[in-house]
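# Survey of secondary and tertiary structure
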Amino acid sequence: MSQLPLVAVLSGAGISTDSGIPDYRGPQGLWRRDPEAQKLVEYEAYVSDPEIRRRSWQMRRANRTLQAEPNAAHRAITDLERAGVPVRVITQNVDGLHQLAGMPERKVLELHGSARSVVCVDCGVRSSMADALARVEVGEVDPACLVCGGILKSATVMFGERLDPEVLGAAMTVAKGCDLFLAVGTSLQVQPAASLVGLAVEHGARLIIVNAEATPYDELAAEVVREPIGTALPALLGRVAAAQAG
């Protein structure tokens, strides 16, 4: 029996907008609407300035990420995996919605970490973001690590931090080994994540880009889809599943 082709999905903020999570770099993105907000996720400013940390915790408190639910696009990827097609998700998102939609943890590579956890910058202990926010709700403006008293931050990759080399290495391996590479809801402007597209094409993968705006990699794509992701991706993956079954 021949081995089924591997499908890699690189997902960006655009896949989660239907779940009520705004993107960052789109026309209505957070960084365009409020450039000052970016300072709240800059690592050096965060660890050195208690006021930045206090504002960051209030931003997290107001953020709806933990309340968000997977949408049709997330579920379509899970459906493809459950149909028996080898699928790996490489996500730039920190919302955990691929896993909530049913993708196995081991098949999701979170390039930029997870907003569902916090980590101590001193001792490295991880704990629940929900628990940390509960402490903020009752008056702790800058909750400290319960183990060592150190600074807590979201378990996401802030500006000024490096990506986890093991996660990036695994993503590169997937990009090199896949037969079909889908870039979904990503501007493909953030490196090194965007470079995975070129790496996949270089190693023979067919590239399909599903994104509302043009990207620097459109000319490499066999197909570019501009329709809304919530309807376009389920239809596209339905075709992929049918082709694999055939």
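Cut-offs applied
Residues numbered from 1 in each chain as written. Predicted model: local features only at pLDDT ≥ 70, side-chain atom pairs only at ≥ 80, totals over all residues. Heavy atoms only, no water. Helix = DSSP H or I, 4+ residues; strand = E, 2+ residues; numbered from the N terminus. Rg over C-alpha atoms; globule rule 2.2 N^0.38 Å. Buried < 20%, exposed > 50% of the residue type's maximum accessible area, 1.4 Å probe, protein only. Contact = heavy atoms within 4.5 Å. Areas by Shrake-Rupley, 256 points an atom, 1.4 Å probe, with all protein chains shown as cover. Lys, Arg positive; Asp, Glu negative; His and termini not counted. Charge placed at Lys NZ, Arg CZ, Asp CG, Glu CD. UniProt positions renumbered as here; feature names shortened; annotations may be inferred. Phe/Tyr/Trp six-rings, centres within 6.5 Å; stacked < 30°, edge-to-face > 60°. Lys NZ or Arg CZ within 6 Å of the ring centre and 35° of its normal. Pairing = 2+ DSSP bridges. Axes fitted to C-alpha atoms, helices over the stretch in contact; angles between N-to-C directions. Arc of directions from axis to C-beta. Polar contact = N/O pair within 3.5 Å; in protein donor to acceptor, adjacent residues only side chain to side chain.

## Re the overall build of the protein
Counting its secondary structure elements, the protein contains 9 helices and 9 strands. A globule of 246 residues ought to have a C-alpha radius of gyration of about 18 Å, and the protein, at 19 Å, matches this closely. With the C-alpha coordinates aligned to their principal axes, the bounding extent of the protein is approximately 60 × 35 × 30 Å. Every one of the 246 residues in the protein was classed for burial, and the buried ones make up 47%. A separation of at least 24 residues holds for 64% of the contacts in the protein among residues at least 6 apart in sequence. Surface summary for the protein: the accessible area is close to 12000 Å², and the carbon and sulfur share equals 51%. For the protein, the distance from the average site of its 24 positive side-chain charges to the average site of its 29 negative ones is 2 Å.

## What about the UniProt feature "binding site: Zn(2+)" (unreviewed entry) in the protein?
The UniProt feature table records "binding site: Zn(2+)" (unreviewed entry) at C120, C123, C145 and C148. Taken along the chain, the residues just named run across 29 residues; in space they keep tight, none of their C-alpha pairs more than 8.6 Å apart. The residue C120 is located in strand β4 (residues 113-120) in this model. Judged by relative accessible area, which is 3%, C120 ranks as buried. Beyond its immediate sequence surroundings of up to four residues, C120 is in contact with V125, C145, C148, G150, I151 and L152. Tracing the chain through its elements places C148 in the loop between α6 (129-137) and β6 (152-156).

## A word on the packing of aromatic side chains
This structure, assessed with the given rule, holds 0 aromatic pairs. Lying across the ring of W57, R60 places its NZ or CZ 4.3 Å from the centre.

## Regarding the side chain of S56
By the secondary structure assignment, S56 is in helix α3 (residues 50-62). Look past the residues within four positions of S56 in its chain and what remains in contact with it is L40 and Y46.

## Some thoughts on the sheet that holds β6
The 3 strands lie next to each other as β5-β4-β6, forming an open sheet whose pairing is antiparallel. The sheet terminates laterally at β5 (126-128) and β6, the two strands that pair on one side only. Adjacent strand axes in the sheet meet at a mean angle of 45 degrees when their direction is disregarded. Sheet analysis places β4 next to β5, joined by 3 bridges and oriented antiparallel. Residue pairing across strands places V119 opposite R126, the latter belonging to β5.

## Here we look at the pairing of strand β1 (residues 7-11)
When you tally the buried positions in β1, you get 5 out of 5 residues, the bulk of the element. Where burial is concerned, the two faces of β1 agree: the one with V7, V9 and S11 and the one with A8 and L10 are both buried. Strand direction decides the pairing type here: β1 and strand β2 (residues 87-91), joined by 5 bridges, are parallel. Looking across to β2, one finds that S11 is bridged to T91. Where β1 and strand β7 (residues 180-184) come together, 5 bridges link them in parallel fashion. Note on β7: the bridge partner recorded for L10 is A183.

## Some remarks on α6
Residues of α6 that are buried include every one of M129, A132, L133, R135 and V136, and no others. Around the axis of α6, the buried residues are gathered within 150 degrees of arc, so they sit on the same side. At the N-terminal boundary of α6, the capping side chain belongs to S128, with an oxygen 3.1 Å from the backbone nitrogen of A130. Backbone geometry just downstream of α6 places G139 in the positive-phi region, at approximately 120 degrees.

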